[in-house]
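Per-entry structural report
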Amino acid sequence: ADVESRRGNSAKAAELYQSVLAQNPSYLPAMVGVADQKWASGDKKGALVLYRRILEQSGAGSTYGQRAAARLQQGESGKGSPASQTAEPATAAPVEAPQIDTTDLPGH
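Every value quoted in this text rests on a predicted model; they were computed, and no experiment measured them.

1. Remarks on the packing of helix α4 (residues 44-58) against helix α5 (residues 63-76)
Between α4 and α5, whose axes approach to 8 Å, the crossing angle comes to 145°. Seen along the crossing, α4 lies across α5 with a hand that is left-handed. Within the contact between the two elements, α4 uses Leu48, Tyr51, Arg52, Ile54, Leu55 and Ser58 and α5 uses Tyr64, Gly65, Ala68, Ala69, Arg71, Leu72 and Gly75. Looking at the contact of α4 with α5 residue by residue, the class counts come to eight nonpolar, three polar and two charged.

2. Let's talk about the side chain of Arg71
Along the chain, the position of Arg71 falls in helix α5. In this view, Arg71 contacts Asp36, Trp39, Leu48 and Tyr51; residues no more than four positions away in its chain are not counted.

3. Quick notes on the pattern of salt bridges
The full count for this structure, using the stated rule, is four salt bridges. A salt bridge links Arg7 to Glu4; the nearest nitrogen and oxygen atoms lie 3.6 Å apart. Exposure remark for Arg7: the relative accessible area of 63% places this residue in the exposed category. Owing to a relative accessible area of 17%, Glu4 belongs among the buried residues under this scheme. Arg67 is the salt-bridge partner of Asp36, the closest N and O atoms lying 2.7 Å from each other. Placement of Asp36 in helix α3 (residues 28-41) and of Arg67 in helix α5 is noted, with a sequence separation of 31 residues between them. For Asp36, a relative accessible area of 19% puts it in the buried group. Since its relative accessible area comes to 37%, Arg67 is described here as partly exposed.

4. Some words on α4
For α4, with 15 residues, the first-to-last C-alpha span of 20 Å sits near the 21 Å given by 1.5 Å per residue. Within α4 the residues assigned to the buried category are Gly46, Ala47, Leu48, Leu50, Tyr51, Arg52, Ile54 and Leu55. In this fold, the buried residues of α4 make contact with α3 and α5. In the segment just after α4, Gly59 is the residue with positive phi, at about 90°.

5. Thoughts on the confidence of the model for the protein
Do not read the fine detail of predicted coordinates wherever pLDDT is low. For the protein, the average pLDDT comes to 81, and 75% of its residues sit at 70 or higher. No element of the protein has a lower mean pLDDT than helix α1 (residues 2-6), which averages 90, and none a higher one than α4, which averages 95. Across residues 79-95, confidence stays below pLDDT 50; counting only partners more than four residues off in sequence or on other chains, it has 22 contacts.

Calculation notes
Residues numbered from 1 in each chain as written. Predicted model: local features only at pLDDT ≥ 70, side-chain atom pairs only at ≥ 80, totals over all residues. Heavy atoms only, no water. Axes fitted to C-alpha atoms, helices over the stretch in contact; angles between N-to-C directions. Helix = DSSP H or I, 4+ residues; strand = E, 2+ residues; numbered from the N terminus. Left-handed = near helix turned anticlockwise from the far one by under 90°. Contact = heavy atoms within 4.5 Å. Nonpolar A, V, L, I, M, F, W, Y, C, P; charged D, E, K, R; others polar. Salt bridge = Lys/Arg side-chain N within 4 Å of Asp/Glu carboxyl O. Buried < 20%, exposed > 50% of the residue type's maximum accessible area, 1.4 Å probe, protein only. Expected span 1.5 Å × (residues − 1). pLDDT = per-residue confidence, 0-100.

Okay, here's the thing in structure tokens:
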């Protein structure tokens, strides 16, 4: 599905993504693919629903979660569409790097 999407064959990619999701509705790569397709086609509201689900399933620290959070932020900064006015879960906030104690290392 990803290959077809990159080739610009969105109809075939959508068919393949849906086939995967029919077998495993929680498969994140396919969910991201469908969400990205919806976003690109102008269905921002439908995409944002999927991005929220992706963020909830994968967590804000994962690659998929970061991508979803970025799209959610873009959607919320949109031009007042109903989807952009939906409250965002607190987990979409940027993840800060953990503080690591280095006081016991040489030179500190």
